[in-house]
Amino acid sequence: MGNVSRTPVEQPTDLSRMRSAVVFYILYVLSLVLGLACVVCVCVWNSHWYGGFAWSGSPLQFNWHPVLMVTGLVVLYGFGAVVYRIPLTWAQNKLTWKLLHAALMLLALVLSIVGLRAVFEVHDAEKIPKLYSLHSWVGITATTFFAIQWVMGLAGFLLPWSPMWLRKLLKPIHVLFGGSIITLSIIASISGINEKLIFSLGKAGGPQYKELPPEAIFGNSLGVLIVAFGLVIFMILSNPKWQRPDSISGEMTYSPLIQDDNE
C-alpha cells in the first residue's frame, strides 16, 4: 500500500521538472537568438544608413555608441544575468560559472564605457552639449548603477576576505540592482533609437519619421527586438524554479573565490 501511495506523487514531480527544464531551454535559446538579432540589427542599421564606423571624432564614431551600448549594456548583460540559471551547470563547480558571470559582466561594462566615450568625444568635437536629454540621463544612470553593481559583486562574492554576513546583506541588493539595470538599459536603448530616428529623418527633404520610411521601420523593429529580449530575460530570472539551488554537493552559496572548493 505504501508503494501505491507514493507512485502518483513521484511521477508528476518528475514530469513537472522535465516540463520546467524544457520551457527553460526554449526561453534560453530564444534569448540567445533575440540577443544575436539585436546585435546584428544595430550593426546593420548604423552601417547601411549611416555609413559605417570610425574613431575620428566624426559622425562615423557616433555610430559605435548604439552598437556598443546595445551589445554591452543590454545583450551581454542579459546573457550574464541568466548564466547561473542553466540547469546543466548546477551540478558543476560553482566557481567556474561565478567567474564566467563576472567576466561577461565586466566585458559588458567595458563596452558600455567605450560606447559612452564614443558619443562624448563626438559631442565635444561638434560642440554639442552632453547629457541634456532624458535618454542620456537614463543611460548614464544605468551605466553608473552597473559599475556600482560590478564592484559590489566583486567585493561581496569573489574576494577571499568577504565575510558571510556581507554576502547575505548584498544578495538582495545585488538582485534588485540587476533587475533595475536591465530595465534602465532597455529604456535607454529604445529611447535612444527613437531620438536618433527623430533627429535624422526628414533632413534635406527626405521622408519624415511619421511617414515610416524603411529606416524607421527597421529602427522600430530593432526596438521591438530589444524589448522582446528583455522580456525573455525577465521571464527566466523571475521563475523561482530556475534559481540555482543554494547547496549542491556540499558547496556553499556565494562562497568567496578561494573557498569554493574548500568549504
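Below, the structure is looked at part by part. (Residues numbered from 1 in each chain as written. Predicted model: local features only at pLDDT ≥ 70, side-chain atom pairs only at ≥ 80, totals over all residues. Heavy atoms only, no water.)

## Structural notes on the layout of surface pockets
Line of reasoning, step 1. Roughly 880 Å³ of internal volume is contained in the largest pocket.
Line of reasoning, step 2. The wall of the largest pocket is formed by 39 residues, among which Phe62, His65, Val119, Glu195 and Lys196 lie closest to the centre.
Line of reasoning, step 3. Contributions of two or more residues to the lining of the largest pocket are made by α1 (2–48), α2 (59–62), α3 (64–82), α4 (94–125), α5 (134–158) and α6 (164–200).
Line of reasoning, step 4. Considering each element in turn, the lining of the largest pocket owes the most residues, nine residues, to α6.
Line of reasoning, step 5. The residue inventory of the lining of the largest pocket, partitioned by class, reads 21 nonpolar, twelve polar and six charged. (1 Å grid on protein atoms, 1.4 Å probe; cavity = no way out; pocket = protein on both sides within 12 Å on 5 of 7 lines; lining within 4 Å. Points joined across faces, edges and corners; volume = space filled by probe spheres on them. Helix = DSSP H or I, 4+ residues; strand = E, 2+ residues; numbered from the N terminus. Nonpolar A, V, L, I, M, F, W, Y, C, P; charged D, E, K, R; others polar.)

## Regarding the packing of α4 against α5
Geometrically, a packed helix pair is captured by the angle between its two axes and the distance between the axes.
Line of reasoning, step 1. One can describe the packing of α4 onto α5 by two numbers: an axis separation of 10 Å at closest approach and a directional angle of 150 degrees. Taken together, the axes of α4 and α5 are roughly antiparallel relative to one another. Note that α4 runs across α5; the crossing there is left-handed. Mapping the contact onto sequence places Lys98, Leu99, Ala102, Met105, Leu106, Ala108, Leu109, Ser112, Leu116 and Phe120 in α4 and Ile140, Thr143, Phe146, Ala147, Trp150, Phe157 and Leu158 in α5. (Axes fitted to C-alpha atoms, helices over the stretch in contact; angles between N-to-C directions. Parallel < 35°, antiparallel > 145°, perpendicular 65-115°, else oblique. Left-handed = near helix turned anticlockwise from the far one by under 90°. Contact = heavy atoms within 4.5 Å.)

## Concerning the state of the cysteines
Line of reasoning, step 1. Inspection of the entire model under this criterion finds zero disulfides.
Line of reasoning, step 2. Cysteine Cys38 is unpaired, with the sulfur of Cys41 as its nearest cysteine sulfur at 7.2 Å.
Line of reasoning, step 3. Under the relative-accessibility criterion, Cys38 is labelled buried at 0%.
Line of reasoning, step 4. Note on Cys41: relative accessible area 18%, which makes it buried. (Disulfide = S-S within 2.5 Å. Buried < 20%, exposed > 50% of the residue type's maximum accessible area, 1.4 Å probe, protein only.)

## Description of a nonpolar patch on the surface
Line of reasoning, step 1. The grouping of Leu15, Met18, Val22 and Ile26 at the surface amounts to a nonpolar patch, some 390 Å² of accessible area in total.
Line of reasoning, step 2. Looking at where Ile26 falls in the secondary structure, it is placed in helix α1. (Patch = residues over 30% accessible without salt bridge, like charges linked within 9 Å, V, L, I, M, F, W, Y side chains within 5 Å. Areas by Shrake-Rupley, 256 points an atom, 1.4 Å probe, with all protein chains shown as cover. Salt bridge = Lys/Arg side-chain N within 4 Å of Asp/Glu carboxyl O.)

## Some remarks on the nonpolar core
Line of reasoning, step 1. In terms of nonpolar packing, the biggest core is built from 50 residues, with Trp45, Val75, Phe146, Leu222, Ile226, Phe229 and Ile236 touching the most fellow members.
Line of reasoning, step 2. Where this core is concerned, the elements lending two or more residues are α1, α3, α4, α5, α6 and α7 (214–238).
Line of reasoning, step 3. Among the elements that take part in this core, α3 stands out by supplying eleven residues, more than any other.
Line of reasoning, step 4. Setting aside residues up to four positions removed in sequence, Trp45 forms contacts with Tyr50, Ile193, Lys196, Leu197, Glu215, Phe218 and Leu222. (Core = buried A, V, L, I, M, F, W, Y, C linked by side-chain atoms within 4.5 Å.)

## Re the packing of aromatic side chains
Line of reasoning, step 1. All told, the structure shown has nine aromatic pairs when counted by the stated rule.
Line of reasoning, step 2. Their ring planes at 80 degrees and their centres at 6.0 Å tell us that Trp45 and Tyr50 sit as a pair that is edge-to-face.
Line of reasoning, step 3. In this structure Trp45 comes out as buried when scored by relative accessible area, which is 2%.
Line of reasoning, step 4. Residue classification places Tyr50 among the buried positions, given a relative accessible area of 18%.
Line of reasoning, step 5. Ring centres of Trp49 and Phe218 lie 5.2 Å apart, and the angle between their planes is 45 degrees; on these two criteria the pair is classed as tilted. (Phe/Tyr/Trp six-rings, centres within 6.5 Å; stacked < 30°, edge-to-face > 60°.)

## Thoughts on α4
Line of reasoning, step 1. End to end, α4 covers 47 Å across 32 residues, agreeing with the expected 46 Å (1.5 Å per residue, within 8%).
Line of reasoning, step 2. Two to three positions downstream of the cap, the backbone nitrogen of Leu95 sits 2.9 Å from a side-chain oxygen, assigning the N-cap of α4 to Asn93.
Line of reasoning, step 3. One or two steps after α4, the chain reaches Lys127, where phi turns positive at roughly 60 degrees. (Expected span 1.5 Å × (residues − 1). Polar contact = N/O pair within 3.5 Å; in protein donor to acceptor, adjacent residues only side chain to side chain.)

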